[in-house]
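# Structure assessment
So you can see what is in the structure, the chains are spelled out below.
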Amino acid sequence: MSIPSALDALRSLVDPDDRSHEARRSSERLLQRILILSDYAWERRIDQQAVERWLDNFDGRSGLALEVERLHALYLLSQFLYFGLREIRVLLHALYRDLFLIPLIQEIRQKNGNTRDELVIRRELEIAMDRTRFMGVGNPSESGVHLLYYFRQENGLQKQNFMDTAQIFSLSGGTRCITDPTVERYIFLDDVCGSGQTACRYSKNFLTELRVAKPDAQIAYYSIFATTKGINNVRENTVFGANAKAIFELDESYRCVSDGSRYFKIRPPQIEDTHLSKVALSYGELLAPGNAGGFDDGQLLLGFSHNIPDNTLPIIWRDPTNGSPIPWTAALRRYMKV
């Protein structure tokens, strides 16, 4: 018998309930972490009573003991990445600066013999901005469009730099044509690119027509967050191509209950990888049959003040108001598209 296993055996003889005590202490520490996160990072979206109501959902249906289920559910919730309005504003500024403005200035310099003349750069930048339009991905009620207001504020942009997608084309003599031929750049903004399906569908709807009508137009898709799989899908299957970019790219390690998950690496000793997967996916299958890990099996633990992506684990956000086939109290509610 190895030394660690011998110590475990001795410990169980001295105190048979030692593991139960440790599990309870871990649960208390995780609950405290969640409440601190809620107070200081999650805009107080959840309190202790709300956490306890959410934990009541876990009643042993996974086949694990009730206290084991709830301990592992608490651990998953404690790892949730929440971005409030303050953080979103900062990220929108970073998106504008890093994905749009700096590359545009570099492009202007190259076209002018790598000039460092500030007056030349500023003049060319003003012309380029007059010929740029920012738009959200989706209809006016969706999150991509919702972000435009804060994007304009944080980056000091003019209202004329924005347009609705319906304004791209107009009818002239019964023929659809570009409304403003002077526009050279169409930039589409999004909060998260999970599977990439929304951007792909959006591209096929009318951006292919835009590419035909104005072949020299620059068409770009910028997202705050994107999974590696999702952004590659957009790059490979839309007119955006290499102009599909994100501030933060979430690799496979962000799939929270899969092999290689970052959430398996540093965790309390009472938390077991197989138990995390069983709790998340067995209840996820009850909540969202066929999408136990979230849409396209995203397995994310990610959300914003304005909504929770459907690529996040359903055990976090689903309830009967947004399609749950079973009674369930969400920890953080998602507002569905209707």
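As a starting point, this report considers the structure included with it. (Residues numbered from 1 in each chain as written. Predicted model: local features only at pLDDT ≥ 70, side-chain atom pairs only at ≥ 80, totals over all residues. Heavy atoms only, no water.)

This part covers the nonpolar core. Of all hydrophobic cores here, the largest spans 74 residues; its most connected members are Ile-315 and Ile-316. With 10 residues, the single largest contributor to this core is helix H5 (residues 85-111). Setting aside anything within four residues of it in sequence, one finds Ile-316 in contact with Trp-54, Leu-77, Phe-80, Leu-301, Ala-330, Ala-331 and Leu-332. Among the nonpolar cores identified, the runner-up in size contains 23 residues, and Met-163, Phe-206, Ile-219 and Ile-231 belong to it. (Core = buried A, V, L, I, M, F, W, Y, C linked by side-chain atoms within 4.5 Å. Buried < 20%, exposed > 50% of the residue type's maximum accessible area, 1.4 Å probe, protein only. Helix = DSSP H or I, 4+ residues; strand = E, 2+ residues; numbered from the N terminus. Contact = heavy atoms within 4.5 Å.)

Once that is clear, we can look at the layout of surface pockets. Of the voids in this model, the second largest pocket is the one considered here, and its volume is about 440 Å³. If you go around the second largest pocket, you meet 20 residues; those closest to its centre are Ala-23, Arg-24, Ser-27, Glu-67 and Leu-71. When contributions to the lining of the second largest pocket are tallied by element, the ones reaching two or more residues are helix H2 (18-40), helix H3 (48-55) and helix H4 (66-78). For the lining of the second largest pocket, the leading source of residues is H2, giving 7 residues. Its residues assigned to classes, the lining of the second largest pocket shows 7 nonpolar, 5 polar and 8 charged. (1 Å grid on protein atoms, 1.4 Å probe; cavity = no way out; pocket = protein on both sides within 12 Å on 5 of 7 lines; lining within 4 Å. Points joined across faces, edges and corners; volume = space filled by probe spheres on them. Nonpolar A, V, L, I, M, F, W, Y, C, P; charged D, E, K, R; others polar.)

We now examine the pairing of strand S6 (residues 218-227). Burial analysis of S6 places 9 of its 10 residues in the buried class, which makes it a mostly covered element. A crossover connection joins strand S5 (residues 185-193) to the parallel S6 through helix H9 (residues 197-213); in handedness this β-α-β unit is right-handed. In this sheet, strand S7 (residues 244-250) lies alongside S6 in parallel orientation, the contact comprising 6 bridges. Considered in S7, the bridge of Tyr-221 is made with Ala-244. (Right-handed = clockwise from strand over helix to strand, strands pointing away. Pairing = 2+ DSSP bridges.)

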